[in-house]
Amino acid sequence: METEAAHGVWPTNRKDETPGVADTNAGENAKTPETAEKPPSRILSGIQPTGRLHIGNYFGMMEPAIRLQDEGDAFYFIADYHALTTVHDPATMRENVAGVATDFLSAGLDPSKATFFRQSDVPEVAELSWFLSTVCPIGFLERAHSFKDKTARGIDATHGLFAYPVLMAADILVYDSNIVPVGKDQKQHLEITRDLAGKFNDRFGDGVFTIPEPRIAETGSTASVPGLDGQKMSKSYNNTLELFEEEKKTRKKIMKIVTDATAMEDPKPTEESTLLDYYRLFASDDEVAEMIASFKAGGTGYGHYKQQVFEKLWERFAPMRERREKLLADPDYVEDILRTGAKRARRLAQATLARVREATGIAGHPISLR
Ligand code: TYM
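Treat the numbers as computed from the prediction; the structure is a model and nothing was measured.

Caption draft 1: Main features of the overall build of the protein. Counting its secondary structure elements, the protein contains 16 helices and 5 strands. Burial analysis of the protein (370 residues in total) assigns 37% to the buried set. Within the protein, residue pairs in contact and separated by at least 24 positions form 79% of the contacts whose partners lie at least 6 positions apart.

Dropping the structure here:
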């Protein structure tokens, strides 16, 4: 296996490689004595391997998560258990997981700073999900928007889909997470997580779980990154602009961004303009102000502005495309990163499960078969 330095993908090495140092934070966030040095915040987020990553994922979660990897002990994972509610072909699942791993690393996730892993490599999370389900009122799940949205779109109303927020709470609580960077659509899931942690602590003792805080991304003038049709960008609405698509296709998609029918010579409305919303994601404040002034002045067609959006986007993702070329050439290296991350994550998860088992009176330890 080649080293990170040999790849030249990431410049730095992990700061906390002393065995066990960072891991001693397990469970301590909830009960660190006032006098002790505060452990770094644990930052956690996940992404489902349901298809290719798009700029909604990037600006809603990945970019903030990548920034936060310098500010705390970051844990990022690929939520394959969750994806099983909608992805039913094993080859597609494997392909999607590999794709998301490569693309997240290409986008700037640095495995020398953040712990990056596959959700299912830490099966303790499924066990914790059961513990949490015993304090979860059915009403919480019945009110969950994502279940209603997904079933309205024809996705099977399985127990897995219904209980999705409980597994998500387990993802967060099993690592004693403090901060969870997510897009706006995940806000309700974070509220459920906080409520379940509170209910569990009330029943079994304060300090079993750390109560996490959501960190909802700002995405310009809109709550979520809009899709090409102006609705929320989502794989399931077929309106996405992918992070890593070939140039011609990206340009073609950008040309499809919805606009109104204002004639070229006329001034263009600047409110609720999906085109301007995109430009805000990629351009500086001055450049956005210039485009707004040009909209107001009239005399320029939407096609010209779309070209400007394309150029900014293409330039912004250029270094990531370069990194991706290197990573695509070495899938074993990407797999190795996920496995290394899972080992670290699993140690923490096992410590949490031991605490939860103890608090609930459910056996001391599972029998070891070794
Ligand atoms: P997922 O895979 O749907 O999306 C991953 C992240 O991308 C954000 N996102 C957006 N943000 C802004 N604008 C958009 N148009 C847009 N589309 C997607 C999502 O808000 C999300 O942050 N349930 C999660 C995965 C998950 C998870 C977790 C997240 C499982 N366990 C624990 C945090 C913590 C999901 O479906 O994300």
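Caption draft 2: Geometry of the site of the ligand. Neighbouring the ligand are 26 residues, the closest being Gly46, Gln48, Gly56, Gly60 and Gly183. Taken together, the elements giving at least two residues each to the shell around the ligand come down to strand S1 (42–47), helix H2 (55–68), helix H9 (164–173) and strand S4 (179–182). The residue makeup of the shell around the ligand, split by class, is 10 nonpolar, 13 polar and 3 charged.

Caption draft 3: Broad picture of the environment of aspartate 156. In this fold, aspartate 156 is placed in the loop between helix H7 (145–152) and helix H8 (159–162). Aspartate 156 sits 70 residues away from threonine 86 along the chain, and the two C-alpha atoms are 8.1 Å apart.

Caption draft 4: Structural context of unusual backbone geometry. Phi at aspartate 176 is positive, roughly 50°, even though this residue is not glycine. If you trace the backbone, aspartate 176 turns up in the loop between H9 and S4. The backbone of asparagine 238 shows a phi angle near 60°, a positive value even though the residue is not glycine. Summarising the element assignment, asparagine 238 is placed in the loop between strand S5 (213–216) and helix H11 (247–255).

Caption draft 5: Region of interest: the pairing of strand S3 (residues 115–118). Side chains Thr115 and Phe117 of S3 all project onto a buried face; the interleaved residues Phe116 and Arg118 project onto the opposite face, where all are buried too. As paired strands, strand S2 (residues 73–78) and S3 are joined by 4 bridges and run parallel to one another. Bridging across to S3, tyrosine 76 finds its partner in phenylalanine 116.

Caption draft 6: Helix H4 (residues 90–107), seen in detail. The terminal C-alpha atoms of H4, which comprises 18 residues, lie 26 Å apart, in line with the 26 Å expected from a rise of 1.5 Å per residue. Two residues or fewer past H4, glycine 108 is found with a positive phi of approximately 130°.

Caption draft 7: View of the confidence of the model for the protein. Overall, the prediction assigns the protein a mean pLDDT of 90, with 89% of residues at 70 or greater. Note on residues 1–6: pLDDT under 50 across the span, and 7 contacts to partners over four residues away in sequence or across chains. Low pLDDT (under 50) marks residues 11–33, which in the prediction has 35 contacts with non-local residues, meaning those over four places away or in another chain.

Caption draft 8: Just the packing of helix H5 (residues 124–133) against H9, in detail. Packing of H5 against H9 leaves a shortest axis separation of 8 Å and a crossing angle of 115°. For the crossing formed where H5 meets H9, the hand is right-handed. The residues of H9 that touch H5, namely those facing Val125, Leu128, Ser129, Leu132 and Ser133, are Val166, Leu167, Ala169, Ala170, Asp171 and Leu173. By residue class, the composition of the contact of H5 with H9 is 8 nonpolar, 2 polar and 1 charged.

Definitions and limits used
- Residues numbered from 1 in each chain as written.
- Predicted model: local features only at pLDDT ≥ 70, side-chain atom pairs only at ≥ 80, totals over all residues.
- Helix = DSSP H or I, 4+ residues; strand = E, 2+ residues; numbered from the N terminus.
- Buried ≥ 20, exposed ≤ 12 C-beta atoms within 10 Å, placed from the backbone.
- Contact = placed C-beta atoms within 7 Å.
- Near = placed C-beta within 6 Å.
- Nonpolar A, V, L, I, M, F, W, Y, C, P; charged D, E, K, R; others polar.
- Pairing = 2+ DSSP bridges.
- Expected span 1.5 Å × (residues − 1).
- pLDDT = per-residue confidence, 0-100.
- Axes fitted to C-alpha atoms, helices over the stretch in contact; angles between N-to-C directions.
- Left-handed = near helix turned anticlockwise from the far one by under 90°.

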